[in-house]
Amino acid sequence: MTSTLNPRFTFDTFVVGAANRLAVTAGRTVAENPGSAYNPLFIYSSSGLGKTHVLMAIGHAAKAIATQLNIEYLTLDEYVEAFHAAIAAGQGDAFRRRFQNVDVLLVDDVQFLTNRKEMQTELLRLTEALQQAGHQIVLASDRPPAEIADLDERLISRFSGGLVVDMGIPDYETRVAILRRKAEERGQNFQPGVLETVAKVEYPNVRELMGALNRVIAFQAVNEAPINEEAVRRVLGIPSAAASSTAASSTAASPAAASRDEFSQFLTDVTVTVGKAVEAWRARVTEAVLRWEGEGYRTGRLELLLDQDTPASVDEAIASYVQDVERLKALEAEVAVLDPQAAGDKVFRDPDLVAAAESVAAKVREGAAPPPAPSAVFTLDSYVAGPSNEVALNGARDVIGKPGKKYNPLVIVGQSGLGKTHLLNAIGLELAKKKHAIVACLSTQQFVDELIAAIDGNRIDWWRARYRRATAFLLDDIQLLAGKERTQEELFNLFNQFLDADRQLVFTAPAHPNTLQGLEERIVSRLEGGLVVEIQEPDKELKRSALERLLKSQRVTTDAALIDYLVDRPVESVRNLGALVQRVVEAAAAQDGPVTAGLAREVLEGAPAPRRPTGARTSGIVVSSAGGVRSREKMVWDWPAAADRVIEDLR
Amino acid sequence: MSLVNFTAREITCKIVYYGPGRSGKTTNLHYVYERVPETRRGRMVSLATQTDRTLFFDFLPIDLGQISGFSTRFQLYTVPGQVYYNATRRLVLQGADGVVFVGDSQARQLDENIESLQNLQSNLLEHGVDVRTMPLVMQYNKQDLPPELILTLPELDDALNFRSVPSFPADALHGKGVFETLKAISELVLKKLAAGSPTG
């Protein structure tokens, strides 16, 4: 149904001159990047100037670059015929599908769309479908889209939306070059000046020029003697050169006439050589412009070159332009990872604004602070182990050993103050020691706050990218997600990405996820899908070692009676134990006495000793008057005023 | 000298005809001069002795008109061939864009040819120019002489053209090979221009 590509019509056999250079360059670009450079490419010229040649050359070139491409060349008439045949056979849909699968569609003689409304609709549909699928369409016509009579406005705008290029009548030099190439192809040798004489006739198109050449070849074959210029004039009916020649035809071989010709022949040769030399750099610049424009970069700098005529540095200028573009590409790629939104900035498309692009990238880099890291205070070594948290600790060790592989997610549950946050941060710190690790470790409250700020600052992409880069994600107090629908949505997406990429997730919660209120089912099920470990109330063994460590850190001499007394005190958590020690130590400091079991009993069982406010750095807890824990790590270094403090075990 | 002036849109090529005395350099220029239409040629400057030996140098400017928007000029020079005018030769060679070496095909002139070729090389070197980078064509003149007096083309190529540059047999007196030689050197010179770096 469709024509095959004529093997002779390639770019190599096409003589490029000023009149058709743009069309050829655009054609080459399209063949190299089908569907992305100019889509559609619309080539128009009068008949016989090489539209079909260029069209087929695009097909050949595209095929040479990517052999798997499906390339179809056909004239509009063939298309119409095929369409009618398909409709008659009831195969209209199959017909459409067939053309929608073509990677490069080359349609010739589009001007015949005139007065064919149904074909226009069909072609419009096809063009739209091909463009959407990123397939290339190249059209050729003998007039520009707007001049095709009765052409649908939508088609005009669609055709003009790509690139519309025309091809003119070749100039004298190009005509000489065409004739020489054709004569060479035919293995014909001519006397000097013969082809030039043919070329001097301004035929309206190349086909007629070829016709003239054919006549000359035929004449030479018949006469078995090389044809001379005078004979060429007779054959082609060109007015005799006698008017310009001083000699009559009888003395055609006079020195004067011959000399003129020798010089004009020389002039022609030099003209062709100069033309090639001078235009070579223009061609290089134009090619660069077309190429980078096609890739979406601004080419103002290169276009200026064409006006300025400064070819001494053309190659350098192009090279520096390309270098700038490469830099922009690198910056854009880098920024895209950190902040997809910022990567859309138009400075990344203008090589004249490399400096601006650098500063945008720098800003993004600066803004792309790594996600909140685990607190360095909570090391794994300082985590007091005991039977009550053994399971959790083993789970943590497994996670540290094989992040993302063994238990994902790991959910640590337990009452407040049992060391969940400590364990979470400890896991984070250990994971962060691994190569290229980016560990995000933060409280749910901070996560929610950040999201709100990102929405507020229209930086949601940036915010997401920040977490997506992380290799592990640790979230404290997941119960605070309750009722935060958007955060749950974001977490859900993050969750899935981390699970898919085998990156570790760790959460803490006060109770089993399926007992938490206000969490979406999809999140709960994913949390339950990993390992849920529970930390129990501290056992005596754990309390003892925790106490020893606490007292040591307070530089209190360890007293067996004191420790025995404190271990026996009913406390729900290690944190509360810390609070007890704190009170006893402070009371001792107030009295300037030693810390003893007696003092402890007096302090803890008698009335609370009055305490002076102190700015000294101590460890301990702060419980706000509202009863909720505000700080992310539930630790502060400054004691609030006594009135703000409520001791939990007295409540 | 600047070969191509893009701001003024001018191309100027300086081509020097070099060779031993009496090899036919001036004859080449005369032939070209006669073939160039009056409107396109400047005055040919020629300083010759009574016996028609070039004393100083010949100079023929040719205006090729507008080519691709460039006003194109060729300046053809010859050097005096005799050994004792070396200073003049060196001067003429300065800023040359291309050299035509006009050799004498006569067998007995072979040594003069070789000597002149060596002289060309050393004079170019004086200007800091490597002969290998200079566009150069060879013309073996006087091929119209009886065969027993002259060397054949392969013999001359063997003896002189060890750089394998384009070479042409010529009979400058009758014009054979003159324009072929000029065309060849023009192409070489202009191709160097195409390479993108006008010689400074």
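The written sequence of each chain sets the order in which its residues are numbered from 1. By the order in which they are written, chains take letters starting at A while ligands take numbers starting at 1. Thresholds applied to this predicted model are a pLDDT of at least 70 for local features of residues and 80 or more for the giving and counting of side-chain atom pairs; totals over whole chains, interfaces and linings are not thresholded and use all residues.

A word on the overall build of chain B. Each helix is a run of H or I in the DSSP string that is no shorter than four residues. Each strand is a run of E no shorter than two, and both are numbered from the N terminus. Helix and strand counts for chain B come out as five helices and eight strands. Seen in sequence order, chain B has helices and strands lined up from the N terminus as β-β-α-β-β-β-α-β-α-β-α-β-α. Within the span of chain B, comprising 200 residues, buried residues form 48% of the whole. Residue pairs at least 24 apart in sequence account for 69% of intrachain contacts in chain B once pairs closer than 6 positions are excluded. Residues with at least 20 other C-beta atoms within 10 Å of their own are called buried, those with 12 or fewer are called exposed, and the rest are partly exposed. The C-beta atoms themselves are positioned from the backbone. Residues are defined as contacting one another if the C-beta atoms placed from their backbone atoms lie within 7 Å.

What follows deals with the overall build of chain A. The number of helices and strands found in chain A is 24 helices and ten strands. Contacts in chain A between residues at least 24 apart in sequence constitute 74% of all its contacts with a sequence separation of at least 6.

Time to look at the nonpolar core. Residue and element names in this part refer to chain A. As used here, a nonpolar core is made of buried Ala, Val, Leu, Ile, Met, Phe, Trp, Tyr and Cys residues. They are joined through C-beta atoms within 7 Å. Of all hydrophobic cores here, the largest spans 89 residues; its most connected members are Ile 43, Ile 58 and Val 198. Take this core: its biggest share by element is eight residues, from helix α13 (residues 314-338). Those residues in contact with Ile 58 that sit more than four places away from it in its chain are Gly 27, Val 30, Ala 31, Leu 106 and Val 138. Membership of the second largest hydrophobic core comes to 65 residues, among which are Phe 447, Ile 478, Leu 519 and Val 584.

Residue and element names in this part refer to chain A. Here helix α17 (residues 444-456) crosses helix α19 (residues 485-500) at 100°, and the two axes come no closer than 10 Å. In terms of orientation, α17 and α19 fall into the roughly perpendicular class. Where α17 approaches α19, its residues Phe 447, Val 448 and Leu 451 are matched on the opposing element by Arg 486, Thr 487 and Glu 490. The nonpolar class holds Ala, Val, Leu, Ile, Met, Phe, Trp, Tyr, Cys and Pro. Asp, Glu, Lys and Arg form the charged class, and all remaining residues, Gly among them, are polar. Along the lines of polarity and charge, the residues of the contact of α17 with α19 split into three nonpolar, one polar and two charged. Helix axes use the C-alpha atoms of the stretch in contact, all axes being lines fitted to C-alpha atoms, and the angles between their N-to-C directions lie in the range 0 to 180 degrees. Any angle that falls under 35 degrees is termed roughly parallel, while one over 145 is termed roughly antiparallel, one within 65 to 115 roughly perpendicular, and all others oblique.

All names here are of chain A. If you walk across this open sheet you meet the five strands as β2-β3-β4-β1-β5, and the pairing is parallel. Pairing within the sheet leaves two strands with one partner each, and these edge strands are β2 (71-75) and β5 (163-167). Between one strand and the next, the sheet's axes are offset by a mean angle of 15°, whatever the strand orientation. Where strand β1 (residues 41-45) and β5 come together, five bridges link them in parallel fashion. Bridge assignment links Ser 45 to a residue of β5, and that residue is Met 167. Along the sheet, helix α2 (residues 51-65) contacts β1, β2, β3 (104-108), β4 (136-141) and β5; its crossing angle with β3, the most-contacted strand, is approximately 170°. Between any two strands, pairing holds if DSSP finds at least two bridges.

Residues and elements named next belong to chain A. Mapped onto the elements, Arg 233 comes out in helix α10 (residues 229-236). Here Arg 233 falls in the partly exposed class, since 18 other C-beta atoms lie within 10 Å of it. Distance from Arg 233 to Val 198, taken between C-alpha atoms, is 8.0 Å for residues 35 residues apart in sequence.

Right, let's get into the sheet that holds strand β6 (residues 410-414) of chain A. All names here are of chain A. Ordered by their spatial adjacency, five strands build an open sheet running β7-β8-β9-β6-β10, and the pairing between neighbours is parallel. With one partner strand each, in any of the chains shown, β7 (439-443) and β10 (531-535) form the two edges of the open sheet. Across this sheet, the average inter-strand angle for adjacent strands is 15°, counted without regard to direction. Here β7 runs beside strand β8 (residues 472-476); their pairing, made up of five bridges, is parallel. By the bridge assignment for β8, Val 439 is matched with Ala 472. Here helix α15 (residues 390-401) sits on the sheet and contacts β6, β9 (504-509) and β10; the angle it forms with β10, its principal contact strand, is near 140°.

What follows is about the packing of α17 of chain A against helix α18 (residues 460-468) of chain A. To characterise two packed helices, one gives the angle between the axes of the helices and the distance between these axes. All names here are of chain A. As a packed pair, α17 and α18 sit with axes 7 Å apart at the nearest point and diverge in direction by 145°. Listed contacts from α18 to Glu 450, Leu 451, Ala 454 and Ile 455 of α17 are Ile 460, Trp 462 and Trp 463. Counted by class, the contact of α17 with α18 contains six nonpolar, no polar and one charged residues.

Moving on to unusual backbone geometry. A cis amide bond links Asn 39 of chain A with the next residue in sequence, Pro 40 of chain A, at an omega value of 0°. On the secondary structure map, Pro 40 of chain A appears in the loop between α1 (21-32) and β1. That bond from Asn 408 of chain A to Pro 409 of chain A is cis: its omega, -5°, falls within 30 degrees of zero. With respect to the element layout, Pro 409 of chain A can be found in the loop between α15 and β6. Not every positive phi belongs to a glycine, and Lys 142 of chain B is a case in point at roughly 70°. Mapped onto the elements of the fold, Lys 142 of chain B is located in the loop between β7 (136-141) and α4 (153-160).

Turning to α18 of chain A, a few remarks are in order. Taken as a whole, α18 of chain A has its buried residues at Ala 465, Arg 466 and Tyr 467 of chain A. In this fold, the buried residues of α18 of chain A make contact with α13, β7, β8 and α19 of chain A.

Spacing of three or four residues puts side chains on the same side of an α-helix, whose turn is 3.6 residues. All names here are of chain A. End to end, α2 covers 21 Å across 15 residues, agreeing with the expected 21 Å (1.5 Å per residue, within 8%). Among the 15 residues that make up α2, twelve are buried, leaving the element largely enclosed by the rest of the structure. Along α2, the residues that are buried comprise Lys 51, Thr 52, His 53, Val 54, Leu 55, Met 56, Ala 57, Ile 58, Gly 59, His 60, Ala 61 and Ala 62. Tucked inside the fold, the buried residues of α2 contact α1, β1, β2, β3, β4 and β5. Expected span, for any helix, means 1.5 Å times one less than how many residues it has.

The next point concerns the environment of Glu 334 of chain A. Residue and element names in this part refer to chain A. Along the chain, Glu 334 falls in helix α13. The class for Glu 334 is partly exposed, based on 15 C-beta atoms found within 10 Å. Taking the C-alpha atoms as reference points, Glu 334 and Arg 365, 31 residues apart in sequence, are found 8.8 Å from one another.

Residue and element names in this part refer to chain B. What pLDDT expresses is the predictor's confidence in each residue, scored from 0 to 100. For chain B, mean pLDDT is 85; residues scoring 70 or higher make up 85% of the total. Put simply, strand β1 (residues 4-5) is where chain B has its lowest mean pLDDT, 63, and β7 is where it has its highest, 96. In the model output, the complex is listed with pTM 0.39 alongside ipTM 0.83.

Residues and elements named next belong to chain A. Scored by pLDDT, chain A comes out at a mean of 79, with 86% of its residues at no less than 70. Between residues 241-257, whose pLDDT stays under 50, and residues either more than four places distant or in other chains, the model counts 13 contacts. In the model, residues 623-632 has pLDDT below 50 throughout and makes nine contacts with residues more than four positions away in sequence or in other chains.

Another aspect to go through is the environment of Val 30 of chain A. Residue and element names in this part refer to chain A. With respect to the helices and strands, Val 30 occurs in helix α1. For Val 30, a count of 29 C-beta atoms within 10 Å puts it in the buried group. Remark: the alpha-carbon pair of Val 30 and Val 138, spanning 108 residues in sequence, is separated by 8.7 Å. Residue contacts for Val 30: discarding those within four places in its chain leaves Ala 37, Tyr 38, Leu 41, Ile 58, Gln 136 and Val 138.

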